[in-house]
Amino acid sequence: MNQNELKLSYPFDGIEPSPGNAFEILPGVKWIKMPLPFALNHINLWLVKDEFQGKKGWAIVDCGIAKDPVKELWEKIFEQELEGLPVTRVIVTHMHPDHVGLAGWLCEKWQVPLFMSMTDYMVSKLWTANSTAGAGTGGEMAVEHFARHGLIDKEAQEKIRQRANYYPGLVSKPPSSYCRLMDGQQIKLGDFVWELISGYGHAPEHIALFCPSLNLLISGDMILPKISTNVSVFDYEPEANPLPLYLESLNKYDHIPEDVLVLPSHGRPFRGIHERIRQQHEHHKERLEEVWSMCETPATVSEIVPKMFKRELDLHQLTFAMGEALAHLNALYFEGKLKRLVDEQGIYRFQQIN
């Protein structure tokens with residue numbers, strides 16, 4: 001554990017569900033882990049006891065990626081963990097592949113509706129239908145975006161170009177209709193009411209779920225115990241300024257009790273939400289100061305990345321690292337602390353304004 005983790009508490013320390021099985025967090029709430037083919041090698045998914053439209057069963061919260069091994073693990077879950085009951089509905093916190101990937105398959109299999117924010121549903125629907133629509137980390141738009149910020153290595157560019165089908169390759173076709181989740185709404189799952197909390201910066205319109213009666217928060221990717229939530233600028237919105245949006249979104253959790261049990265999408269369930277939010281604010285404050293200091297002379301994103309991330313990165317990690325570095329640079333640029341210069345090749349560099 002790092003020092004920040006030690007300031008949190010983990011009620012299920014040393015316990016986690018094995019593949020194809022679930023661990024009961026408390027009666028009516030179960031924890032599932034599914035594998036991911038990345039350095040971040042897992043996602044946490046949740047089953048919540050539910051009654052919807054007269055049918056008793058389980059609501060699924062988040063889905064895993066659309067790959068056959070994950071489907072096979074879900075089939076095992078259906079056989080062993082549903083207590084003879086059906087799935088009632090599928091709830092997705094946001095449109096990233098590890099969360100929405102199998103939503104279409106699950107909804108079709110169980111003939112149940114999808115619940116999701118409008119923005120994330122529409123983006124997911126667009127990106128699964130059209131790989132040229134711009135999916136952030138692959139295709140020609142991504143190549144041009146990263147090239148503008150100094151990634152001119154031809155081999156890396158070709159690998160990014162070949163990732164045009166990255167998103168539709170991990171996400172099944174979403175259902176043709178959905179039920180909209182919105183900030184401030186309440187949704188009843190079984191006997192308990194959950195409050196919906198929107199978040200920005202990480203995804204277009206992320207939705208977390210808080211149940212006061214159970215003192216549980218399904219935080220999705222907005223609050224994670226070990227790693228920092230990725231906040232990036234990608235090709236589809238190159239002038240975005242997502243970091244302030246993310247930090248402002250964390251203020252929406254001010255009313256939640258400090259002893260709430262946080263169920264994150266990655267890492268272990270934990271308590272200490274406000275300590276973790278404080279850590280995130282401090283982390284990004286330090287990052288902004290570091291990035292500003294790196295721009296004493298004009299610097300590209302690709303020159304900033306190895307200074308921010310002092311480890312070897314694979315291509316998948318590199319694209320997200322560049323996106324995150326640019327998010328910090330854009331935050332400083334829009335705040336008026338950096339200026340942006342463009343050379344004859346169209347490459348951007350950022351420099352301090354003194």
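Residues numbered from 1 in each chain as written. Predicted model: local features only at pLDDT ≥ 70, side-chain atom pairs only at ≥ 80, totals over all residues. Heavy atoms only, no water.

K.L.:
In this structure, what is going on with the environment of phenylalanine 38? I would like to understand it.
P.N.:
On the secondary structure map, phenylalanine 38 appears in the loop between strand E2 (29-35) and strand E3 (42-52). Residues contacting phenylalanine 38, with those up to four places away along its chain left out, are Tyr166, Leu170 and His316. (Helix = DSSP H or I, 4+ residues; strand = E, 2+ residues; numbered from the N terminus. Contact = heavy atoms within 4.5 Å.)

K.L.:
Can you walk me through the packing of helix H8 (residues 242-249) against helix H11 (residues 315-334) in this structure?
P.N.:
When two helices pack together, their arrangement is given by the angle between the helix axes and the distance between those axes. Orientation of H8 relative to H11, taken along the N-to-C sense of each, is 90°, at an axis distance of 7 Å. As the angle between them shows, H8 and H11 are arranged roughly perpendicular. The residues of H11 that touch H8, namely those facing Pro242, Leu243 and Pro244, are Ala327, His328 and Ala331. A per-class count over the contact of H8 with H11 returns five nonpolar, one polar and no charged. (Axes fitted to C-alpha atoms, helices over the stretch in contact; angles between N-to-C directions. Parallel < 35°, antiparallel > 145°, perpendicular 65-115°, else oblique. Nonpolar A, V, L, I, M, F, W, Y, C, P; charged D, E, K, R; others polar.)

K.L.:
How do you make sense of the pairing of strand E10 (residues 206-211) when you look at a structure like this?
P.N.:
Within E10, six of the six residues are buried, which leaves it mostly tucked inside the rest of the structure. The two faces of E10 match: His206, Ala208 and Phe210 on one face and Ile207, Leu209 and Cys211 on the other face are all buried. Judged from the five bridges that link them, strand E9 (residues 192-199) and E10 form a sheet pairing that is antiparallel. What sits directly across from glycine 199, in E10, is histidine 206. Hairpin geometry of E9 and E10 is characterised by an intervening segment of six residues between the two adjacent antiparallel strands and by a positive phi of about 105° at glycine 201. Pairing of E10 with strand E11 (residues 216-220), which is carried by three bridges, proceeds in the antiparallel orientation. (Buried < 20%, exposed > 50% of the residue type's maximum accessible area, 1.4 Å probe, protein only. Pairing = 2+ DSSP bridges.)

K.L.:
Sorry if this is basic, but what is going on with the side chain of glutamate 205 here?
P.N.:
When you line up the elements, glutamate 205 lands in the loop between E9 and E10. We note that glutamate 205 is buried and unpaired, the nearest opposite charge coming from arginine 180 at a distance of 4.8 Å. A polar contact of 2.6 Å, which involves the side chain of glutamate 205, links it to the side chain of threonine 119. When neighbours within four sequence positions are excluded, glutamate 205 is seen to be in contact with Thr93, Ser117, Met118, Thr119, Asp120, Leu181, Gly199 and Tyr200. (Lys, Arg positive; Asp, Glu negative; His and termini not counted. Salt bridge = Lys/Arg side-chain N within 4 Å of Asp/Glu carboxyl O. Polar contact = N/O pair within 3.5 Å; in protein donor to acceptor, adjacent residues only side chain to side chain.)

K.L.:
How do you make sense of the nonpolar core when you look at a structure like this?
P.N.:
In a soluble, globular protein the nonpolar side chains are often hidden away together inside. Grouped together as the largest cluster of nonpolar side chains are 50 residues, with contacts concentrated most on Leu217, Ile223, Tyr253 and Ile273. For this core, the secondary structure elements donating two or more residues are helix H6 (140-148), helix H7 (154-161), E10, H8, helix H9 (273-293), helix H10 (301-308) and H11. The biggest single contributor to this core is H11, with nine residues. Apart from residues lying up to four places away in sequence, tyrosine 253 is in contact with Ile197, Ala208, Leu217, Met222, Ile223, Ile273, His274 and Ile277. Membership of the second largest hydrophobic core comes to 38 residues, among which are Met34, Trp58, Ile77 and Trp127. (Core = buried A, V, L, I, M, F, W, Y, C linked by side-chain atoms within 4.5 Å.)

K.L.:
In this structure, what is going on with the sheet that holds E9? I would like to understand it.
P.N.:
Sheets are built from strands that pair by backbone hydrogen bonding, the pairs being arranged parallel or antiparallel. Strands sit in the order E8-E9-E10-E11-E12 across an open sheet of five strands; the sheet is mixed. The sheet is open, and its two edges are formed by strand E8 (186-189) and strand E12 (261-264), each paired on a single side. Within the sheet, the average angular offset between the axes of one strand and its neighbour, ignoring direction, is 30°. Relative to E9, E8 runs antiparallel, the two sharing four bridges. In the sheet register, isoleucine 187 faces E9, and the bridge partner there is tryptophan 194.

K.L.:
Looking at this model, I keep getting lost on the sheet that holds strand E5 (residues 87-91). Mind explaining?
P.N.:
The mixed open sheet is built from seven strands, whose spatial order is E1-E2-E3-E4-E5-E6-E7. Whereas interior strands pair on both sides, the edge strands pair on one side only; in this sheet they are strand E1 (23-26) and strand E7 (179-180). Relative to E2, E1 is paired through three bridges, and the arrangement is antiparallel. Bridge assignment links glutamate 24 to a residue of E2, and that residue is lysine 30. Those strands touched by helix H4 (residues 103-110) are strand E4 (55-61), E5 and strand E6 (114-116), and its axis lies near 160° from that of E5.

K.L.:
Just to check I follow, could you spell out the packing of aromatic side chains for this structure?
P.N.:
Two aromatic rings, taken as a pair, are described by how far apart their centres are and by the angle between their planes. Summed over all chains, the structure comprises 14 aromatic pairs. The interplanar angle of 80° and the centroid separation of 6.4 Å between the aromatic rings of tyrosine 333 and phenylalanine 350 together place this pair among those described as edge-to-face. One end of the pair, tyrosine 333, is in helix H11; the other, phenylalanine 350, is in strand E14 (residues 348-352), with 17 residues separating them in the sequence. Tyrosine 333 gets classed as partly exposed once you look at its relative accessible area, which sits at 26%. With relative accessibility at 0%, the residue phenylalanine 350 sits in the buried group. Members of the aromatic cluster, each reached through a chain of ring pairs, are Trp127, Tyr167, Phe234, Tyr236 and Phe320. Taking the ring centre of tyrosine 10 as reference, the NZ or CZ of arginine 268 above it sits at 3.9 Å. (Phe/Tyr/Trp six-rings, centres within 6.5 Å; stacked < 30°, edge-to-face > 60°. Lys NZ or Arg CZ within 6 Å of the ring centre and 35° of its normal.)

K.L.:
I keep staring at the side chain of serine 117 and nothing clicks. Help me out?
P.N.:
Looking at the element boundaries, serine 117 is found in the loop between E6 and helix H5 (118-129). Not counting chain neighbours up to four residues away, the residues in contact with serine 117 comprise Tyr178, Leu181, Glu205 and Ile207.

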